Amino acid sequence: MADRPNVLFLLSDEHSFRCLSFLDDQRGEPVNTPALDNIAARGTTFDRAYCQMPLCTPSRICMLTGREVRRCNGWGNGNVLPSNCPTIPDAFGGAGYDTCLVGKMHLGGDRQFVGFDDRPYGDLTGGAGHQWEPLDRVGEGGKAARILDAGVSELPESRLQEYTTTRESLSWIREREASSDGPWFLCASLSRPHFPLTAPRRYVDRYWDLEQGEPTGPLTEPKVKHGGDTADHPLTEAAIEGFELEDVDERSQLRARAFYFACVDFLDDVVGEFLATLERDGLLENTIIVYTSDHGELAGEHGLWWKHTWHEAATRVPFLVQTPAHRADDYEPATIETPVSLADLFPTLCGLASVDIPDCLDGMDLSTAVETGAEPDRDPIVCDNLVPRWGIGTEFRVVRDGRYKYVRFRDAPELLFDLDADPDEHVNLAADPDDEVREALNRLRREVTDTLDFETAAAERERDKRIQEEHRLDVGTSSASENCYLTDDGTIVDADCSLYDSTVVVEDPASTFDDFPDE
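Nothing here was measured: the structure is a model prediction, and the numbers come from that model.

Concerning the overall build of the protein
Inference 1: From N to C terminus, the protein includes 16 helices and 21 strands.
Inference 2: What you see for the protein is a C-alpha radius of gyration of 23 Å, in line with the 24 Å of a compact globule of 519 residues.
Inference 3: For the C-alpha atoms alone, the extent of the protein along its principal axes is close to 80 × 55 × 50 Å.
Inference 4: Considering the protein as a whole, with its 519 residues, one finds that 57% of them fall into the buried category.
Inference 5: Long-range contacts, defined here as pairs at least 24 residues apart, represent 70% of the contacts in the protein between residues at least 6 apart.
Inference 6: Total accessible area on the protein is roughly 20,500 Å²; 44% of this is exposed by carbon and sulfur atoms.

Here's what the structure looks like:
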């Protein structure tokens, strides 16, 4: 057991695949991510990795179980991970690992541990745990406020949940190293760059001049403009309306991009500080590091924001793996171009750690690709949205196979893109296919027909509502973030109540302190 590697799983929320500074200018954005760049420079990058569903809770449920949406109750936010679905921590715990989850996981119901031995800090009330700002507008403003309220963080930096997550993670690892000779598996789940789009000022200043209200040099317009064959697709139009984007002008959206980039940079600094401390203490010597995100962020591409659509920026995520052998230069760094899925994470981690892989998974073991850099022989991957958020008929399944990406809807026009020739997804080849395209179109149509019936899926979704009823969680907090600590005596306490329901000690410092600095 002592020879088995530890696993440090770094999970973020809503990180666009474009926002990595090792990418070239054509694909990437002008962010600063040296910590993540370092993982990639001495590791394996899966360049075309997709989530199972571009929404927080279902993506995380699918990732933890290595299953598609329909086989793990991963329909929508707030859903419950069923007890009959083995999880990554179940497998590693059964193999003798100590396991821990720290931070936001956005699980629904009363199943908040899902196989982890410990969960010292996080959204244990099932409410996603975001620390909303500004403090006097918590819960107000509608969807458009996610963009319009972007700003400098008002919360003390030491109390931001990213720092709390990494500090509690570090404490747990140190305690395990002091008391146990066995390996550990820790998931540190970080909230940013998910909205609210707030960050400490020094990160914002890189992209936006707050005094002048103007962008600074690095800030870019969205790489993919609103237009092309899908600009008037029923889902596109419904998403623009649903996210209230018609109420937000282009300048406000550009400003929000500045704050999104600032959130990415802040996240990377937190990760870098965490990894540097672990390395200094010798805690990475036999540790696999994995970084990914639950889904992407459109950030203005196609005239859209957030997620829950078929587009690359919503469904595609960073996926980086670094092993001790990479850091020892025994394995060469590699970039894998074959499309893969976050359902592959479960079996891949098992393969890297010599943990038995359950036979009920939909994902594929990519450990050989991690170790050798060889392209895997991967079947087509799928990404689903099987809930009618954008109207009955807009439910979809994405199939990515080689250069082609096909999208079948329950009752809306089908789409086919050649992502090598058309990475912006502006040309719908399904509308007028030539002979070569028609062969690919028919093949991918069969792939969906053979694996999914939308009517059956809708019935399954209704059936699975009983799981939410059976696992209701009857707790709450007084704070807006719903983050909690699990204390040593077994009680769960609100972690952020002092931020949102503070005891005011001094109303006017200038009149209280003789030497209070002038503004």
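That was the structure; now back to the text.
Thoughts on the nonpolar core
Inference 1: In terms of nonpolar packing, the biggest core is built from 110 residues, with Phe46, Phe92, Phe185, Leu197, Trp310 and Phe319 touching the most fellow members.
Inference 2: For this core, the leading source of residues is helix H8 (residues 250–280), giving eleven residues.
Inference 3: If we ignore the near neighbours within four places in the chain, the residues touching phenylalanine 319 are Thr44, Thr45, Phe46, Ala49, Val290, Tyr291, Thr292, Val340, Leu342 and Leu345.
Inference 4: Formed by 29 residues, the second largest nonpolar core is a distinct cluster that contains Ala35, Ile39, Cys100 and Ile289.

Quick notes on the pattern of salt bridges
Think of it this way: side chains of opposite charge can pair up when their charged atoms draw near.
Inference 1: Within the structure shown, the criterion is met by 43 salt bridges.
Inference 2: Aspartate 329 is the salt-bridge partner of arginine 42, the closest N and O atoms lying 3.6 Å from each other. On the criterion of sequence distance, the pair formed by arginine 42 in the loop between helix H1 (34–41) and strand S2 (44–46) and aspartate 329 in the loop between helix H10 (324–327) and strand S14 (334–336) is long-range, its members being 287 residues apart.
Inference 3: With a relative accessible area of 56%, aspartate 329 lands in the exposed category.
Inference 4: With its nearest N and O atoms 2.9 Å apart, the salt bridge here joins aspartate 464 to arginine 463.
Inference 5: Judged by its relative accessible area of 5%, aspartate 464 falls in the buried class.

Overview of the packing of aromatic side chains
In this description, an aromatic ring pair is defined by two values, namely the gap between the centres and the angle between the planes.
Inference 1: Inspection of every chain in the model, using the stated rule, returns 15 aromatic pairs.
Inference 2: Ring centres 4.9 Å apart and planes at 80° place the aromatic pair phenylalanine 92 and tyrosine 97 in the edge-to-face group.
Inference 3: Classification of phenylalanine 92 as buried rests on a relative accessible area of 0%.
Inference 4: Ring centres of tryptophan 132 and phenylalanine 195 lie 6.0 Å apart, and the angle between their planes is 40°; on these two criteria the pair is classed as tilted. With tryptophan 132 in the loop between strand S5 (121–122) and helix H4 (145–148) and phenylalanine 195 in the loop between strand S7 (184–193) and strand S8 (198–199), the pair connects residues that are 63 residues apart, well separated along the chain.

A look at helix H5 (residues 161–179)
Inference 1: In this model H5 runs 27 Å from its N-terminal to its C-terminal C-alpha over 19 residues, within 8% of the 27 Å that 1.5 Å per residue would give.
Inference 2: Next to the buried residues of H5 lie strand S4 (98–103), S5, S7, helix H6 (201–204), H8 and strand S20 (484–486).

Digging into the sheet that holds strand S16 (residues 381–385)
Inference 1: If you walk across this open sheet you meet the four strands as S16-S17-S18-S19, and the pairing is antiparallel. The sheet is open, and its two borders are formed by S16 and strand S19 (415–418), each paired with just one other strand. Averaged over all neighbouring strand pairs, the angle between strand axes comes to 15°, with direction disregarded.
Inference 2: Relative to S19, strand S18 (residues 404–409) runs antiparallel, the two being bridged by four bridges. Within S19, the position partnered with valine 407 by the bridge is leucine 415.
Inference 3: Contacting strand S17 (396–401), S18 and S19, helix H13 (residues 435–451) crosses the sheet at an angle of about 50° to S18.

Definitions and limits used
- Residues numbered from 1 in each chain as written.
- Predicted model: local features only at pLDDT ≥ 70, side-chain atom pairs only at ≥ 80, totals over all residues.
- Heavy atoms only, no water.
- Helix = DSSP H or I, 4+ residues; strand = E, 2+ residues; numbered from the N terminus.
- Rg over C-alpha atoms; globule rule 2.2 N^0.38 Å.
- Buried < 20%, exposed > 50% of the residue type's maximum accessible area, 1.4 Å probe, protein only.
- Contact = heavy atoms within 4.5 Å.
- Areas by Shrake-Rupley, 256 points an atom, 1.4 Å probe, with all protein chains shown as cover.
- Core = buried A, V, L, I, M, F, W, Y, C linked by side-chain atoms within 4.5 Å.
- Salt bridge = Lys/Arg side-chain N within 4 Å of Asp/Glu carboxyl O.
- Phe/Tyr/Trp six-rings, centres within 6.5 Å; stacked < 30°, edge-to-face > 60°.
- Expected span 1.5 Å × (residues − 1).
- Pairing = 2+ DSSP bridges.
- Axes fitted to C-alpha atoms, helices over the stretch in contact; angles between N-to-C directions.

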